[in-house]
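Below are the chains, spelled out letter by letter.
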Amino acid sequence: MKKIAIALLTAMMILLTSCSKISNYKEKFVTYFDKADAEGTANDIALQAISYLNDEDTEGLKSLLSEYTLKHDSNIDDDIQAAYELLDGEIISHDEHISGTKSESWEEGQPQVQYLVRFVENARTATGSNYEITFGIYLTNANEPDKEGIQNIIICKAYENREYTTYDNEDLNHNTAVYIGENWG
């Protein structure tokens, strides 16, 4: 009887120990997919912003911008209008793959800051013009939640040799590039 009790006790200990290991693997697995999902969410936000640009829906576009950007960019309406004027027609296609970079900090399995930059390249309008559109997006900012949303949008027109204009927030020529939102600097 003693041997059976020891065997049952040993089996229970092994089972409980393996459950905690499975739980740890599950937490790492879920964290991986949470991070991967962040890129998909940022891509969706960028595509929604392009839809608002196509429709010249200023309020829709502003709904994607962070509260911080709306509060601190006194020229937001003028910059959005300049974007409409720069875009030569509706964007009908772009590279299928939206590339970007990601900066994250996590604590106890929860994201504290998730900042993603999304590059929509070869955005072609119905008239044949090409653009590169860059979005800076905070999905999460636990320390400054008013920064969650799009921080900035940069639209650069391409020339025939497929080189894009450069932009300088201090001396921006709205005929070749538009900067909407908070300065990255």
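Everything numeric here is computed off the predicted structure, so don't read it as measured data.

Undergrad: Got a sec to walk through the overall build of the chain? Specific residues and values, please.
TA: When its secondary structure is counted, the chain shows four helices and six strands. Carbon and sulfur atoms make up 50% of the accessible area of the chain, which totals about 11300 Å².

Undergrad: Got a sec to walk through the pairing of strand β6 (residues 177–181)? Specific residues and values, please.
TA: Taken residue by residue, a regular strand's side chains alternate between the two faces of the sheet. Extensive coverage of β6 is indicated by the burial of five of its five residues. In this structure, strand β5 (residues 149–157) lies alongside β6, joined through five bridges in antiparallel fashion. In the sheet register, Cys-156 faces β6, and the bridge partner there is Ala-177.

Undergrad: Please set out the environment of Tyr-84 residue by residue, giving values where relevant.
TA: Tracing the chain through its elements places Tyr-84 in helix α4 (residues 76–86). In this structure Tyr-84 comes out as buried when scored by relative accessible area, which is 6%. Sequence-distant contacts of Tyr-84, defined by excluding residues within four places in its chain, comprise Tyr-52, Leu-53, Glu-56, Asp-57 and Thr-58. Polar contacts involving the side chain of Tyr-84 include one to the main-chain amide nitrogen of Asp-57, which spans 3.4 Å.

Undergrad: Outline unusual backbone geometry, listing residues and values.
TA: Positive phi, close to 50°, is recorded for Glu-56, a residue that is not glycine. Overall, the relative accessible area of 49% leaves Glu-56 in the partly exposed class. Of note, Glu-108 is a non-glycine position whose phi angle comes to about 50°, a positive value. With respect to the helices, strands and loops of the structure, Glu-108 is situated in the loop between β2 (99–107) and β3 (110–125).

Undergrad: I'd love a proper account of the packing of aromatic side chains, names of residues and values included.
TA: The description of two aromatic rings rests on the distance between their centres and on the angle between their planes. Inspection of the entire model under this criterion finds one aromatic pair. Sitting over the ring of Tyr-68, Lys-147 keeps its end group 4.6 Å from the ring centre.

Undergrad: Explain the nonpolar core residue by residue, including any values.
TA: Ranked by internal contacts, the top residues of the largest apolar core, which has 33 residues, are Ile-133, Phe-135, Ile-150, Ile-153 and Ile-155. Listing elements by their share of this core, those giving two or more residues are α1 (2–55), α2 (58–64), α4, β3, β4 (130–141), β5 and β6. Once residues lying within four places of it in the same chain are set aside, the contact partners of Ile-153 are Leu-61, Leu-65, Ile-133, Thr-134, Phe-135, Val-178, Tyr-179 and Ile-180.

Undergrad: I'd like a description of the pattern of salt bridges, backed by residues and values.
TA: Following the criterion strictly, the structure yields three salt bridges and no others. Residues Lys-62 and Asp-77 are paired through a salt bridge, measuring 3.0 Å at the closest nitrogen-oxygen approach. Of the two residues, Lys-62 sits in helix α2 while Asp-77 sits in helix α4, which places them 15 residues apart along the sequence. In this structure, Glu-144 and Lys-147 form a salt bridge, with 3.6 Å as the shortest nitrogen-oxygen distance. Looking at Glu-144, the relative accessible area reads 35%, which means it is partly exposed. With relative accessibility at 11%, the residue Lys-147 sits in the buried group.

Undergrad: Pulling in residues and values, what's your account of the environment of Asn-152?
TA: Within the fold, Asn-152 resides in strand β5. Between the C-alpha atoms of Asn-152 and Tyr-179, which are 27 residues apart in sequence, the distance is 7.2 Å.

Undergrad: Any chance you could break down the confidence of the model for the chain for me, citing the residues and the numbers?
TA: Confidence in the prediction of the chain, expressed as mean pLDDT, is 78, and 70% of residues score 70 or more. α2 holds the highest mean pLDDT among the elements of the chain, 97, whereas α1 holds the lowest, 63.

Undergrad: Tell me about the side chain of Ser-66, and name the residues and values.
TA: Note that Ser-66 resides in the loop between α2 and α3 (67–72). You can call Ser-66 buried: its relative accessible area is 0%. Residues in contact with Ser-66, not counting those within four places in the same chain, are Asp-146, Lys-147, Glu-148, Gly-149, Ile-150 and Gln-151.

Each value, and the rule that gives it
- Residues numbered from 1 in each chain as written.
- Predicted model: local features only at pLDDT ≥ 70, side-chain atom pairs only at ≥ 80, totals over all residues.
- Heavy atoms only, no water.
- Helix = DSSP H or I, 4+ residues; strand = E, 2+ residues; numbered from the N terminus.
- Areas by Shrake-Rupley, 256 points an atom, 1.4 Å probe, with all protein chains shown as cover.
- Buried < 20%, exposed > 50% of the residue type's maximum accessible area, 1.4 Å probe, protein only.
- Pairing = 2+ DSSP bridges.
- Contact = heavy atoms within 4.5 Å.
- Polar contact = N/O pair within 3.5 Å; in protein donor to acceptor, adjacent residues only side chain to side chain.
- Phe/Tyr/Trp six-rings, centres within 6.5 Å; stacked < 30°, edge-to-face > 60°.
- Lys NZ or Arg CZ within 6 Å of the ring centre and 35° of its normal.
- Core = buried A, V, L, I, M, F, W, Y, C linked by side-chain atoms within 4.5 Å.
- Salt bridge = Lys/Arg side-chain N within 4 Å of Asp/Glu carboxyl O.
- pLDDT = per-residue confidence, 0-100.

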